[in-house]
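Residues per chain are reported as follows:
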Amino acid sequence: MKAESGIKKIRNIGIIAHIDAGKTTVTERVLYYTGRSHKIGEVHDGEAVMDWMPDEQERGITITSAVTTCHWREHEIQIIDTPGHVDFTIEVERSLRVLDGAIGVFCAVGGVEPQSETVWRQADKYHVPKIAFVNKMDRIGADFFRTVDALEKILGVTPLVLQIPCGSEEKFAGVIDLLTMKQVIFHGDTMGETYSMEDINPDDIEKAEEYREKLLETLAEFDDDLMEAYLAEEDINIKMIRKVIRDVTINLDVVPVLCGSALKNKGIQPLLDAIVDFLPSPLDIPSIKGVLPETDEPVVCHPEIKAPLAALIFKVIMVEGRKLTYVRVYSGRMQVKEDVYNPSRKKKEKLARILRMHANKKERIQSVGPGGIVAVIGLKESSTGETLCSSDHPVLLEKIDSYEPVISVAIEPKTHADHEKVEAVIGKFIAEDPTLKVKQDEDTGQTILSGMGELHLEIIVSRMQREFGMSVNVGKPQVVYRESIENEVEALGVFDNEVAGQHHYGKVRLRLKPLPRGTENRFVSELTDESIPGIYIPAIEKGVMESLESGALMNYPVVDVEAALTGGFFKESQGSDLAYTVSASLACKEALKKGSPYLLDPLMKVEVFVPESFVGDVIGELSARSGKIEAIKHKAAGLQAITAVLPLAQMFGYSTSLRSATQGRGVFTMKFSHFDKC
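Nothing here was measured: the structure is a model prediction, and the numbers come from that model.

A. Quick look at the sheet that holds strand β9 (residues 182-186). Across the sheet, four strands lie side by side as β7-β8-β9-β10; this open sheet has antiparallel pairing. Only two strands of the sheet have a single partner each, and these edge strands are β7 (163-166) and β10 (195-198). Averaged over all pairs of adjacent strands, the angle between their axes in this sheet comes to 25°, without regard to strand direction. Strands in contact with helix α7 (residues 202-220) are β7 and β8 (174-177); relative to β7, the strand with the most contacts, it is inclined by about 165°.

Shown next, in the form of structure tokens:
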């Protein structure tokens with residue numbers, strides 16, 4: 001049980017970045033220097049503590065966000081290491097939803113890469129204070145100051161440089177701390193555990209003084225006392241500087257910038273100090289708001305142990321067949337064996353166990369208070385994005401945003417025995433991952449699995465084999481298209497039938513017209529007379545919206561259409577919800593056929609990073625795949641970034657083509673851009 005002073009010493013942080021910027025390597029060093037691990041696990045050896053899934057170890061990437069707790073300077077730091085691959089964006093989204101602060105890791109060579117920008121914007125959406133850590137300062141082509149400029153230009157932040165590097169590339173030895181005006185040199189023979197504070201090299205003193213001046217100048221804009229001391233050219237107390245940095249970081253006015261090389265064990269301890277000094281505790285950020293389930297009246301959930309319980313489920317995973325539910329507690333306290341209430345499902349659930357997680361290792365605890373991030377066992381029905389509270393003080397917290405899948409595969413079990421369990425197994429994956437969708441194709445009888453990308457679906461199929469011993473045949477990926485109409489049309493739908501001994505009659509006239517791209521569908525009633533009683537309008541809307549889920553061309557969902565109810569007819573004693581739902585559906589389907597339907601392609605924004613000598617080949621390949629080149633930008637050390645928009649259908653197998661065209665040196669990222677006419 002934590003009193004207020006205990007909550008003040010909690011830091012809930014996430015490590016976010018582009019794939020291969022070094023997030024997991026940074027996390028491994030943090031665990032080692034805080035005493036949580038006794039050996040540094042390396043990603044390239046498949047031994048990283050936080051990458052515990054076999055697929056993560058084999059591929060050397062993070063797939064699922066892992067939670068751990070460590071201690072530094074008597075503070076409890078709860079860390080979530082998130083994936084950097086665009087296919088697993090939901091993992092970043094739901095982690096940021098429950099975090100109080102974030103460390104953005106940037107490669108000193110690559111700078112602000114596409115997925116860095118995506119995750120940074122996600123953090124902005126939840127108003128998460130951030131620190132930037134410029135990693136890989138030992139790499140050839142590393143440029144700290146260029147990366148700082150990119151933070152300002154691309155992300156639109158005010159970077160607050162707290163350290164500058166002491167040397168770079170192979171000569172990178174440590175960092176110059178602009179607060180103490182000392183250089184911190186790390187001793188390589190001791191795994192970076194020991195470091196010394198030394199006077200700044202004469203060669204670097206001018207640069208250090210220039211950046212300290214910039215630091216004080218930036219801070220003076222936000223604090224009157226510091227401004228006075230700065231203008232009077234007085235010595236400014238370091239405690240005052242730290243307090244102002246903390247305040248402006250939490251207010252999202254600035255982003256403190258540090259640097260180092262996680263792989264070479266340099267710069268991690270100062271990063272830990274910055275987490276403690278500058279990132280918020282649960283008490284420093286605005287209390288989370290919810291609503292009363294029945295009335296939607298706003299409720300504020302204060303981070304106090306004596307307040308009513310309010311907690312959010314942000315992740316569900318299946319471990320050895322058991323459901324493990326990750327929860328962030330915002331107010332009140334959860335205790336083992338106590339009942340909690342889920343207002344979304346109007347059900348009580350019992351907490352069998354509460355576990356403090358260290359990646360996939362578990363430590364049992366009896367209770368958890370505000371700010372705690374734990375896993376619980378015993379919740380049978382509760383799912384991602386749902387709230388847990390006390391039944392006498394129900395509250396609903398805002399749900400977590402999800403994403404629509406963009407790629408599908410047909411899966412078919414190889415044996416009859418597997419046929420019977422495929423539904424249950426996929427159901428378990430869907431409970432874990434809201435971006436995964438499954439449906440039965442009525443025409444072919446196939447099971448269609450949809451996800452965020454080829455890698456995403458590949459991992460799911462691999463886990464079916466590993467975790468459930470299930471072999472499946474996988475069909476060629478199918479793109480999830482959309483449909484729309486070109487012309488404004490009207491149609492009539494009539495339902496005149498006897499159902500279960502009762503006669504039902506409904507007649508509906510609809511007008512469908514196309515809307516601008518991205519507007520989504522809408523239904524309006526333009527009835528001016530009483531030709532159809534108002535109580536049947538919701539049934540008509542239901543029939544229309546259900547029909548728009550399956551288009552006239554190839555049964556893909558219809559988008560950007562307005563359906564207007566313009567007329568109809570009602571027969572006394574024969575009108576019913578069923579009759580008007582079916583007649584509206586018939587009218588809508590007829591109008592979709594007459595409205596010159598067409599397909600919409602999902603277009604992907606692709607960014608390809610290649611050495612200059614391969615630019616021509618890559619542009620040729622993209623053009624051959626119907627790509628529209630948007631920009632070619634010069635990056636570090638002879639690297640070019642090509643931005644293009646391509647139909648998703650043309651992107652299958654692109655990673656193999658790019659590798660062969662660039663001798664394995666090209667990489668690309670891809671994210672959904674928009675739908676447009678095929």
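B. The arrangement of the pattern of salt bridges in detail. Evaluation of the coordinates by the stated rule reveals 28 salt bridges. D273 is paired through a salt bridge with R73; the nearest N and O atoms lie 3.1 Å apart. One end of the pair, D273, is in helix α10 (residues 268-278); the other, R73, is in the loop between β2 (66-72) and β3 (75-81), with 200 residues separating them in the sequence. For D273, a relative accessible area of 23% puts it in the partly exposed group. Residue classification places R73 among the partly exposed residues on the basis of a relative accessible area of 42%. Linking E210 and K214 is a salt bridge whose minimum nitrogen-to-oxygen distance equals 3.6 Å. Separated by four residues within a single helix, E210 and K214 lie in helix α7, roughly one turn from each other. Judged by relative accessible area, K214 falls into the partly exposed class, the value being 40%. Several salt bridges share partner residues, and in doing so they unite R73, R242, D273 and D277 into one network.

C. Region of the structure containing the nonpolar core. Judged by nonpolar contacts, the single largest core of 75 residues is most densely connected at I77, I103, F144 and L219. Ranked by residue count, the leading element in this core is α10, at seven residues. One finds V461, V610, I642 and M670 within the second-largest nonpolar core, a separate group that totals 35 residues.

Reading the values: the criteria
- Residues numbered from 1 in each chain as written.
- Predicted model: local features only at pLDDT ≥ 70, side-chain atom pairs only at ≥ 80, totals over all residues.
- Heavy atoms only, no water.
- Pairing = 2+ DSSP bridges.
- Helix = DSSP H or I, 4+ residues; strand = E, 2+ residues; numbered from the N terminus.
- Axes fitted to C-alpha atoms, helices over the stretch in contact; angles between N-to-C directions.
- Contact = heavy atoms within 4.5 Å.
- Salt bridge = Lys/Arg side-chain N within 4 Å of Asp/Glu carboxyl O.
- Buried < 20%, exposed > 50% of the residue type's maximum accessible area, 1.4 Å probe, protein only.
- Core = buried A, V, L, I, M, F, W, Y, C linked by side-chain atoms within 4.5 Å.

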